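As a plain string of letters, each chain reads:
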Amino acid sequence: MDRNGRRGGVEESGFDEDPNPKYDKKAPGEDVMSIERVFDMQEVPSWRRQLTVRAFVVSFVLSVLFSFIVMKLNLTTGIIPSLNVSAGLLGFFFVKTWTKMLHKSGLLRQAFTRQENTVIQTCVVASAGIAFSGGFGSYMFGMSEAIARQSDDTSGYKNPSLGWMFGFLFIVSFLGLFSVVPLRKIMIIDFKLTYPSGTATAHLINSFHTPEGAKLAKKQVKALGKCFSLSFLWGFFQWFFTAGDDCGFANFPTFGLKAYKHKFYFDFSTTYIGVGMICPYIVNISLLLGGILSWGLMWPLIETRKGDWYGANLPSSNMHGLQGYKVFIAIAMILGDGLYNFFKVLSRTLSGLFHHVRQKNALPVADHPSTESPKQLSYDDQRRTQLFLKDQIPAWFAVAGYVTIAVISTIVLPHIIHQLKWYYILIIYVFAPALAFCNAYGCGLTDWSLASTYGKLAIFVIGAWAGPHGGVLAGLAACGVMMNIVSTASDLMQDFKTGYLTLASPRSMFISQVIGTAFGCIISPCVFWLFYKAFGDLGSPESTYPAPYAIVYRNMALLGVQGFSALPKDCLLLCYVFFGAAILINLIRDLAGNKVGRFFPLPMAMAIPFYLGPYFAIDMCVGSLILFVWERVNKAKADAFGPAVASGLICGDGLWTLPSSILALAGVKPPICMKFLSRATNVKFDQFLNS
């Protein structure tokens, strides 16, 4: 659900979407059948009537559900698939059920429209997106004492608390919305950018509101509901066997105890089976390859150098020991992949922008009419353009909003994060609109949001500027400011594209995004706080919720401040090798073309199990295998119901985290510990009991 992310898969690069989008600017078959002629007899409600109370009630309920799901994914692996299908489907189901009941009782005043469905979709995705861009699994939690201790960093920390988290998010989360509003016509109408995720979401919503689509949606909701129930009950059943450390099905040594020690096991997670069904096959295979390369080959070899490359008495969690190799080599691959894709998307952005400007001889202005003749446009495009330009958002409003929030933020943020000086923030806000435009434009061309890459750039620049006294916290906080601006900018433009294709007003889209963001700024910190209080070992490598990106981001900040002195012996050489390998693999993928390049692994995905281990990749490959077999047996059914089944598995297990957190807070312990021992250990254990 990339907030990158919100509609994106792996936290770093949005891997849930195909990097080679299949969606065309023109919907398939548009020449044969006009989508808008199907809805010709339906009145398009005014922007005020699109913003209904029931829409925001449903949005709030779904926001809580999806915030739990995204938070759990954030704190376990950082891999967040696109949940647009489930958000759109559940929004449609809840309001359709609501209106049907009111219709039967004769109390229905306003029919449920696709515009209202789009408002729900936008609000839910904006809200749940804060669970990602809020940095609860990355930069924000990276400031904490727990992560500082793991990184052997004594430069300072700031532990989470609801007060400052609310304040920080409310100050930084809205700025990006105002930065690109004046460019909506340029991006959507003049440049006709594709925005593949926004286009796909619009086609989904349009299909729900046709008679045939409504029947299919009803069946999809039924399938989602069954899988949701099974997944929730499976989570509940597993809880009974987790009374101690390393207990339960999640620690089942599927391939033997030695393989289990190196993180090769199937942990029965319905969440990651579902994620595997949504993510492309190459993502799941890349994750497994990364796990085999690191935990199957590299770490056992480096362990043999114990006492030579690093101290023999160092604990496994020490950053100057084996843990340092795991973290910094993963960082090198992430930076190599991110840097390559940054320049790739930036070059495409500048090339496309130059092409568009040269064609028109001037950059179009948001409030000016398009130079394209109506005769050149299809009926659908004429209808959509007419309604999209009807409800204008004045440019002065966007500029005034940006300047006002920037001034407030520059004054208030240094009081929340003392190490983040006002002049650091001012510099970020001067450059942020240009970077937000680049990200929104690049996302429209490629569907890749580089929000986390811009965030890392802020970590290194501000961290190095601030120096050893407060540079780590300043860099992490600057990352949050930058990520939120560029992420929400591309998200809003995706939503404008969805609104354009469903005839939803830009005003209703903007207001829905603002309300959804406000929901997220309240819900996400509360959800994180529940995890933080319920699970005392949150962020620990051995925890159920290791928050892998928190330590990665913290060590990036350390690298920016301390330089290479933070690395253990020969780690720098290995980092150079893997940094170069990430760039080389990406280059080969692009030069080989889609036909051959699609078989090359994704370096970003390979890097994640370097720190965590391959256990979740095995779950995801099981999900891929299920989908692969289903497609071979009945492709049409797999295409229609696969996303719904996957969403049900993710949502059910994700929702179980709420009661499990409450039980942990209440001090209720599971009654049974199911643990697996070797034969020799079991014999000793039996002898001890008998004695």
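Refer to the structure above for everything that follows.
What you are looking at is a predicted structure, and each value in this text was computed from that prediction instead of being measured. (Residues numbered from 1 in each chain as written. Predicted model: local features only at pLDDT ≥ 70, side-chain atom pairs only at ≥ 80, totals over all residues. Heavy atoms only, no water.)

1. Describing the packing of helix 12 (residues 211-239) against helix 27 (residues 635-665)
The angle between the axes and the distance between the axes are what describe a pair of packed helices. What counts is decided by this rule: To define axes, lines are fitted to C-alpha atoms, for helices over the stretch in contact only, and angles between the resulting N-to-C directions are given on a 0 to 180 degree scale. Where helices and strands are cited, they refer to DSSP runs of H or I of at least four residues and of E of at least two residues respectively, numbered from the N terminus. Rotating anticlockwise by less than a right angle from the far helix to the near helix defines a left-handed crossing, while the corresponding clockwise rotation defines a right-handed one. Note that Gly is not counted as nonpolar here; it falls among the polar residues with everything else outside the nonpolar set of Ala, Val, Leu, Ile, Met, Phe, Trp, Tyr, Cys and Pro and the charged set of Asp, Glu, Lys and Arg.
It is the contact of helix 12 with helix 27, at a shortest axis distance of 7 Å, that shows an interaxial angle of 35°. Relative to helix 27, the crossing made by helix 12 is right-handed. Here the contact of helix 12 with helix 27 is composed, by residue class, of 18 nonpolar, six polar and two charged.

2. Digging into the side chain of glutamine 115
Going by this rule: The classification of residues rests on relative accessible area computed with a 1.4 Å probe and restricted to protein chains. Under 20% of the type maximum is buried, over 50% is exposed, and intermediate values are partly exposed. It only takes one pair of heavy atoms within 4.5 Å for two residues to be counted as in contact.
Mapped onto the elements of the fold, glutamine 115 is located in helix 5 (residues 114-133). The class for glutamine 115 is buried, based on a relative accessible area of 3%. Ignoring any residue separated from it by four or fewer positions in sequence, one finds glutamine 115 in contact with Val44, Pro45, Gln50, Thr502, Leu503 and Ala504.

3. Let's talk about the state of the cysteines
So the rule is basically this: What counts as a disulfide here is a pair of cysteine sulfur atoms lying within 2.5 Å.
On inspection of all chains with the given rule, the structure shows one disulfide. At a sulfur-sulfur separation of 1.9 Å, the disulfide partner of cysteine 247 is cysteine 673. Between cysteine 247 and cysteine 673 the disulfide shows an S-S torsion of about -60°. By sign, it is left-handed. Linking cysteine 247 in the loop between helix 12 and helix 13 (257-261) with cysteine 673 in the loop between helix 27 and helix 28 (679-690), this pair joins segments that are 426 residues apart in sequence. A relative accessible area of 4% places cysteine 247 in the buried class. For cysteine 673, a relative accessible area of 40% puts it in the partly exposed group. Note on cysteine 438: no disulfide assigned, nearest cysteine sulfur contributed by cysteine 443 at a separation of 13 Å. By relative accessible area, which is 17% here, cysteine 438 ends up buried.

4. Considerations on the nonpolar core
Basically, it comes down to this: Grouping buried Ala, Val, Leu, Ile, Met, Phe, Trp, Tyr and Cys residues that are joined through side-chain atoms within 4.5 Å yields what is termed a nonpolar core.
Core analysis: the biggest nonpolar cluster contains 192 residues, and Phe66, Phe168, Met187, Leu413, Leu420 and Tyr429 have the highest contact counts within it. Sort the elements by how many residues they give to this core and helix 21 (residues 471-502) lands first, with 18 residues. Apart from the residues lying within four places of it in its own chain, the contact partners of leucine 413 are Phe168, Ile171, Val172, Leu420, Ile425, Tyr429 and Val481.

5. Focus on the pattern of salt bridges
To be explicit about the condition: For this analysis, a salt bridge means a side-chain nitrogen from Lys or Arg found within 4 Å of a carboxyl oxygen belonging to Asp or Glu.
If you walk through the whole model with that rule in mind, you get 13 salt bridges. With a shortest N-O distance of 4.0 Å, arginine 384 and aspartate 380 are connected by a salt bridge. Of this pair, arginine 384 and aspartate 380 both sit in helix 17 (residues 379-388), four residues apart, which is roughly one turn of that helix. The class of arginine 384 is buried, set by a relative accessible area of 3%. Within this structure, Glu36, Arg114, Asp380 and Arg384 form a network of salt bridges that share partners.

6. A short note on helix 14 (residues 270-278)
Counting buried residues in helix 14 gives eight out of nine residues, a clear majority hidden from the surface. Within helix 14 the residues assigned to the buried category are Thr270, Thr271, Tyr272, Ile273, Gly274, Val275, Gly276 and Met277.

7. Structural notes on a nonpolar patch on the surface
Heads up, the rule is: Patches draw on residues past 30% relative accessible area with no salt bridge. Two like charges within 9 Å are joined, as are two nonpolar side chains (Val, Leu, Ile, Met, Phe, Trp, Tyr) within 5 Å. Working definition of accessibility: Shrake-Rupley area with a 1.4 Å probe, residue cover restricted to the visible protein chains.
Together, Tyr281, Ile285, Leu289, Leu625, Phe628, Val629 and Val633 make up an exposed nonpolar region whose accessible area comes to about 640 Å². Broken down by secondary-structure element, the contributors of at least two residues to the nonpolar patch are helix 15 (281-303) and helix 26 (615-633). For the nonpolar patch, the element with the most residues is helix 26, which contributes four residues. With respect to the secondary-structure elements, leucine 625 resides in helix 26.

8. Digging into empty space enclosed by the protein
Under the convention used in this document: Both site types are read off a 1 Å grid over the protein atoms alone. A 1.4 Å probe that fits but cannot get out defines a cavity, while an open set with protein on both sides within 12 Å along at least five of seven lines defines a pocket; lining residues have an atom within 4 Å of a point. Grid points are joined across faces, edges and corners, and a volume is the space filled by probe spheres set on the points.
Evaluated as defined, the whole model comprises two cavities of 30 Å³ or more. Roughly 60 Å³ of volume is contained in the largest cavity. As for the largest cavity, its lining consists of Ala330, Ile334, Pro548, Tyr549, Val552, Ala607, Ile608 and Tyr611. Of all elements in the fold, only helix 16 (322-360), helix 23 (548-562) and helix 25 (603-612) reach the threshold of two or more residues within the lining of the largest cavity. Here the residues of the lining of the largest cavity sort into eight nonpolar, no polar and no charged. As a volume, the second largest cavity reaches approximately 40 Å³. Lining of the second largest cavity is provided by Val345, Leu346, Thr349, Cys438, Asn439, Gly442, Cys443, Trp448, Leu450 and Tyr454.

9. Side note on unusual backbone geometry
Unlike most non-glycine residues, lysine 263 shows phi in positive territory, near 70°. Within the secondary structure layout, lysine 263 lies in the loop between helix 13 and helix 14. By relative accessible area, which is 16% here, lysine 263 ends up buried. Even without a glycine there, the phi angle at phenylalanine 268 is positive, about 60°. Positionally, phenylalanine 268 belongs in the loop between helix 13 and helix 14.

As far as function goes, none of this settles anything; it's purely spatial.
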